[in-house]
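An overview of the molecular structure
One-letter residues, chain by chain:
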Amino acid sequence: MSTKHVLRWVGAEAFVAGGGQPGDIRSGPALLRFDGDDFMDRMLALLAEQPQNLPELVAKAENWQEIGDPTPLPPSLAPTDKPLSRPARALARARELVAFRRRNRPPRSPLMTPQAIDRALTEARPLKLFQPVHQRYYLAAAHLVCELPGLPPRVTATGDRSGFVIRRLVGPSGRAQSRREYGFVKDASGHGRWLEARHPDADTVPGEELLPLFPLAYTPPAGPPRRLLAGTIPVARHDEYCFAGRASAAGQAAEHKNARAINNARALARMKVIAPWQSLIERAYQSGGASIGLTADTPWQDDEPPPSATANTLKTTNDQLVEASWRLLQDMREFLLASFTALTGEVLTSGNLERHDRPQLQALLDFLGQTTWTAPPAEAPDEDRPQLSDDVLDLADPYAHASLLAALAALDEDTSQKLDGFEQAFPAGTGWPGWAFPLVYLLGGLPEMDTVIVRNVPRLSGPFRDWTLPELTLPDGTIVPESRQDADNRHLELLFDRLAAAIAEAGETEPSELRADAQAPSAAQLASEIAASLVDEPGPPRYLVRFVHRRCDCGPLHPPVISAPSEVFELAGFFDSEAPMRPIRIALPFDTTPGGLRKFGKNSAFIMSDVLCGQMKRIRRLGFGDLVLSVLPWPFHKDLDVAASGPCSDPGGRFGTICSLSIPIITIVAFVLLIVIATLLDLIFRWLPFLIACFPVPGLKGKNK
């Protein structure tokens, strides 16, 4: 006849806190805080010599201005002239235990009832756990015991498994019924999300991440030997936990099995098509604005620069935009062909799908097939004409392809390989495509409105301007004025909507079509995860810890043993403003005279190819004065004289170079540049008073004579 053992979790300080009845022992795990990299040595020594001081390790709120008490140092680790013998250590421990029985112990942390959790959520200064980079380490610790007289420790069987889970609290504070716990779950690709725990006190979330525990044996002041189970809280995973998305348990079951591939494809569309195109438009705005009023030489005596100078600048900028458009078209074509197996080069050429079960994909092709790039009529004024250089106009047929779809079809594999083979920028060299399809380009002149010339507003155009864009109207009917650049970006959002609809259609119609193995760019993925994590959480995320014990060989007859919640806490980020400061010391070279610097060896090698060697030669011809004049307005502006040059070569052929540099001198250069750049940016950020503080050190000399 066997007796059923009822298991329970009790806190780490339960058997050393002194006094109290077993029913009063709090069952939530304790959060133990350490302030040194030797935290495990201190923990082991403390349990071996002074287990009664374990409550002093319980974490409390702190910041760098109000540092908490240092971690107690056991006698064996304390600095001493003579090491203590074993009898001496035993005698010291016995004396400590006698004193322990007679003195009052510090109050224990309260049991985390729903009301206590609500109070913790509304506190202005909650418990915040800091990262190892801040020189802080935290252990979650508890005992697994049997509910028998004396609460004997549980001796786990081979099939038992213990661990702890981190739960995220979601919901309005002050309302225990509305607050929910979410468990962290990772899929096969390692991507994590928070799933709602239906029964947080009785069971775990399916697939919930179970963090490991390790045993720590010790003998408390009274009673049999104990085994404390502890695990390291992964505070350094702050970003992973904070920015992971959330879903309800019902939503998890109803979620499409291919949703991950759909989200990845949308993120890739944003990263490879929309975002680079928006950056190209922004670059055109900046280049066009800088070209207004700039001249190629300095200084002019007239009030305004000659028209020819501005026109030449616009044409040079358009040359760069034409080449950048070819490169972006390469990425767009590769993305479309890789994301939709129904698309081929022949389909791009014809613009029609043979299949009729893809209306959204056909709508995308129709959208891309709109005519947007044609030669301007002869009667068009100069300010409405694209400022194309002779190099572009001398192409076989600059206006050969009138639509974005036609340009994508023309950029076949051979053309793409030729583009990748060029070592210099357009128009240097031969073999460029015989057509142009700029995704953004600058127009000539400045428009006149009410006889007033609009200045500092670059005029540009592109295929995005011909897509129908509804007015941005608020629900009350108010029309919101937009800047030109905002309107252009909103035009591109129309393209993204078409792409997203076609991607969703592919995932629902034929899930195997999408590239499930494609890794979405982390930045685009992070944007959607942050947006999802901010729902119902106006402030920083709050977490708690629960310990879990599973009897794996007992099946459903014995459900997991779940502990009560720990204290509610936050996880600090890497650059948390309240974080304690870990001392960091960087010693610059002491003797910075030429005699001292010449003694340092050049042991850092930079390997450059022939192409990079030629580009570096072009840069080395420029001086600081040339860089300053290039950013000054008219009449002081002077364009950078960067003559086109090929890779490094000599009569014997091309060659690369290996440059050997001195790391100590590089460190000095980096420090000087840091101060110079920080001083310049102080005009914007006003951060210099908070950046650096210098203190005199008498006797610290560069040369000791």
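Treat the numbers as computed from the prediction; the structure is a model and nothing was measured.

Focus on the overall build of the protein
- Regarding its fold elements, the protein presents 19 helices and 22 strands.
- Here the protein holds 705 residues, and 42% of them are scored as buried.
- Counted over contacts in the protein with a minimum sequence separation of 6, partners at least 24 positions apart contribute 76%.
- In the structure as shown, the protein presents an accessible area of about 38900 Å², 56% of it carried by carbon and sulfur atoms.

Side note on the pairing of strand β4 (residues 137–146)
- The buried count for β4 comes to 10 of 10 residues, which makes it a mostly enclosed element.
- In β4, alternate side chains face the same way, and those of Y137, L139, A141, H143 and V145 on one face and Y138, A140, A142, L144 and C146 on the other are all buried.
- As paired strands, strand β1 (residues 7–11) and β4 are joined by five bridges and run antiparallel to one another. When the bridges of β4 are listed, V10 appears paired with H143.
- Across five bridges, strand β2 (residues 30–34) lies against β4 in antiparallel orientation. Along β4, the bridge assignment pairs L32 with L139.

With respect to the state of the cysteines
- Taken as a whole, this structure holds one disulfide when the rule is applied.
- Across a sulfur-sulfur distance of 1.9 Å, C613 and C648 are joined as a disulfide pair. Taking the sign of the torsion about the S-S bond as the criterion, the disulfide between C613 and C648, at about -85°, is left-handed. On the criterion of sequence distance, the pair formed by C613 in helix α16 (residues 610–620) and C648 in the loop between α17 (624–631) and β20 (649–650) is long-range, its members being 35 residues apart.
- For C613, a relative accessible area of 7% translates into the label buried.
- The class for C648 is buried, based on a relative accessible area of 2%.

Some details on the environment of S325
- Locating S325 in the fold gives a position in helix α7 (residues 307–339).
- In this structure, the C-alpha to C-alpha distance between S325 and F437, residues 112 residues apart in sequence, is 6.9 Å.
- When neighbours within four sequence positions are excluded, S325 is seen to be in contact with L280, F437, P438, L439 and V440.

Some details on the environment of P541
- Looking at where P541 falls in the secondary structure, it is placed in the loop between α14 (522–533) and β16 (542–551).
- Leave out the neighbours within four places in its chain, and P541 touches R168, C242, F569 and E570.

Examining the side chain of Q131
- Its location among the elements puts Q131 in the loop between β3 (127–129) and β4.
- Judged by its relative accessible area of 7%, Q131 falls in the buried class.
- Only 3.0 Å separates the side chain of Q131 from the backbone oxygen of A572, close enough to count as a polar contact.
- Q131 has contacts with R136, V235, A236, H238, A572, G573 and F574, leaving out every residue within four places of it along the chain.

Thoughts on unusual backbone geometry
- For the peptide bond that leads from F426 to P427, omega is 10°, which places it in the cis range.
- By the element assignment, P427 lies in the loop between α12 (413–421) and β12 (441–442).
- A positive phi angle, near 65°, is found at Q135, a position not held by glycine.
- Assignment of secondary structure puts Q135 in the loop between β3 and β4.

With respect to the confidence of the model for the protein
- Here the protein averages 80 in pLDDT, and 75% of its residues register 70 or above.
- Low pLDDT (under 50) marks residues 19–24, which in the prediction has three contacts with non-local residues, meaning those over four places away or in another chain.
- Every residue in residues 293–302 is under pLDDT 50, and counting partners more than four places away or in other chains gives 30 contacts.

Points about the side chain of Q362
- Its place among the elements puts Q362 in helix α9 (residues 359–368).
- For Q362, a relative accessible area of 18% puts it in the buried group.
- Within the structure, the side chain of Q362 is placed 2.9 Å from the backbone nitrogen of L353, a separation counted as a polar contact.
- When residues no more than four places from it in sequence are discounted, the contact partners of Q362 are G351, N352 and L353.

A look at the nonpolar core
- Formed by 66 residues in total, the largest nonpolar core has its most connected members in W277, L329 and L495.
- Counting residues per element, the ones that place at least two in this core are α6 (259–291), α7, α8 (345–350), α9, α11 (404–410), β12 and α13 (484–509).
- It is α6 that contributes the most residues to this core, 11 residues altogether.

Section: α12
- Three or more residues of α12 are buried, namely T415, S416 and L419. Along the long axis of α12, the arc covered by the buried residues comes to 100°, so they all point the same way. Of the residues in α12, the exposed ones pointing more than 90 degrees away from the buried face are E413, D414, Q417, K418, D420 and G421.

As for the packing of α9 against α13
- Packing of α9 against α13 brings their axes to within 8 Å, and their N-to-C directions diverge by 155°. It follows that α9 is roughly antiparallel to α13 by the angle criterion. Like other packed secondary-structure pairs, α9 and α13 cross with a definite hand, here left-handed. Touching P359, Q360, L361, A363, L364, F367 and L368 of α9 are L494, L495, R498, L499, A501, A502 and E505, all from α13.

Observations concerning the pattern of salt bridges
- Enumeration over the complete set of coordinates arrives at 24 salt bridges.
- One salt bridge in this structure joins E147 and R8, with 3.9 Å as the shortest N-O distance. Pair noted here: E147 is in the loop between β4 and β5 (160–170) and R8 is in strand β1, with a separation of 139 residues, a long-range link.
- For E147, a relative accessible area of 44% corresponds to the partly exposed category.
- Classification of R8 as buried rests on a relative accessible area of 19%.
- D420 is the partner of R327 in a salt bridge, and the nearest nitrogen-oxygen pair spans 4.0 Å. Here R327 is found in helix α7, whereas its partner D420 is found in helix α12, with 93 residues between them in sequence.
- Looking at D420, the relative accessible area reads 54%, which means it is exposed.
- Residues joined by salt bridges that share partners form a network here, namely R167, E181, D201, E208 and R546.

What counts and how
- Residues numbered from 1 in each chain as written.
- Predicted model: local features only at pLDDT ≥ 70, side-chain atom pairs only at ≥ 80, totals over all residues.
- Heavy atoms only, no water.
- Helix = DSSP H or I, 4+ residues; strand = E, 2+ residues; numbered from the N terminus.
- Buried < 20%, exposed > 50% of the residue type's maximum accessible area, 1.4 Å probe, protein only.
- Contact = heavy atoms within 4.5 Å.
- Areas by Shrake-Rupley, 256 points an atom, 1.4 Å probe, with all protein chains shown as cover.
- Pairing = 2+ DSSP bridges.
- Disulfide = S-S within 2.5 Å.
- Polar contact = N/O pair within 3.5 Å; in protein donor to acceptor, adjacent residues only side chain to side chain.
- pLDDT = per-residue confidence, 0-100.
- Core = buried A, V, L, I, M, F, W, Y, C linked by side-chain atoms within 4.5 Å.
- Arc of directions from axis to C-beta.
- Axes fitted to C-alpha atoms, helices over the stretch in contact; angles between N-to-C directions.
- Parallel < 35°, antiparallel > 145°, perpendicular 65-115°, else oblique.
- Left-handed = near helix turned anticlockwise from the far one by under 90°.
- Salt bridge = Lys/Arg side-chain N within 4 Å of Asp/Glu carboxyl O.

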